[in-house]
Amino acid sequence: MSSGDRQFIFLNKRPVDVPKLTKALNEVYKQFNMHQFPVYFLNISMPTDAYDVNITPDKRSIMFHNEKVMVESIKEQMRIKYEPSR
């Protein structure tokens, strides 16, 4: 796969766009496979008071209250998962 067209992120089962998370996932994956983009279906479950969906009318763009911490945590879990494959 050479594009990111099969990357899906859901927040509490609702499809969302999280550009910083998408970028982070692609960057970590590229450390282990430089020739393809990852395919993923990521469903993040979290309390509704941890994010704001009222950014755009379609509710796809969201703002996490602790986005940096969440993104770093997911990146670290990906590194742990893929590191043994090197």
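Residues numbered from 1 in each chain as written. Predicted model: local features only at pLDDT ≥ 70, side-chain atom pairs only at ≥ 80, totals over all residues. Heavy atoms only, no water.

Participant: Teacher, can you tell me more about the packing of helix α1 (residues 19-32) against helix α2 (residues 67-82) here?
Facilitator: Helix-helix packing is described using two parameters, namely the angle between the two axes and the distance between the axes. Relative to each other, α1 and α2 sit at 20°, their axes nearing to 10 Å. The orientation of α1 with respect to α2, classified from their angle, is roughly parallel. Two packed elements cross with a definite hand, and for α1 against α2 that hand is right-handed. Contact residues: K20, L21, A24, L25, V28, Y29, Q31 and F32 in α1; E67, M70, V71, I74, K75, M78, R79 and Y82 in α2. Counted by class, the contact of α1 with α2 contains 11 nonpolar, 1 polar and 4 charged residues. (Axes fitted to C-alpha atoms, helices over the stretch in contact; angles between N-to-C directions. Helix = DSSP H or I, 4+ residues; strand = E, 2+ residues; numbered from the N terminus. Parallel < 35°, antiparallel > 145°, perpendicular 65-115°, else oblique. Left-handed = near helix turned anticlockwise from the far one by under 90°. Contact = heavy atoms within 4.5 Å. Nonpolar A, V, L, I, M, F, W, Y, C, P; charged D, E, K, R; others polar.)

Participant: What is the right way to read α1 from this model?
Facilitator: What sets the pattern is the α-helix's 3.6 residues per turn: residues three or four places apart point alike. A rise of 1.5 Å per residue sets the reference length of α1, with its 14 residues, at 20 Å; its end C-alpha atoms lie 21 Å apart and thus fit the reference within 8%. Turning to α1, its buried residues are L21, A24, L25, N26, V28, Y29 and F32. Those residues of α1 hidden inside the fold are in contact with β1 (7-11), β3 (40-44) and α2. (Expected span 1.5 Å × (residues − 1). Buried < 20%, exposed > 50% of the residue type's maximum accessible area, 1.4 Å probe, protein only.)

Participant: Teacher, can you tell me more about the packing of aromatic side chains here?
Facilitator: Within a pair of aromatic rings, the relevant descriptors are the distance that separates the centres and the angle that separates the planes. Tallying each qualifying case throughout the model produces 3 aromatic pairs. Judged by centre distance (4.9 Å) and plane angle (15°), the rings of F8 and F41 are stacked. Separated by 33 residues along the polypeptide, F8 in strand β1 and F41 in strand β3 bring together distant segments of the chain. Looking at F8, the relative accessible area reads 33%, which means it is partly exposed. (Phe/Tyr/Trp six-rings, centres within 6.5 Å; stacked < 30°, edge-to-face > 60°.)

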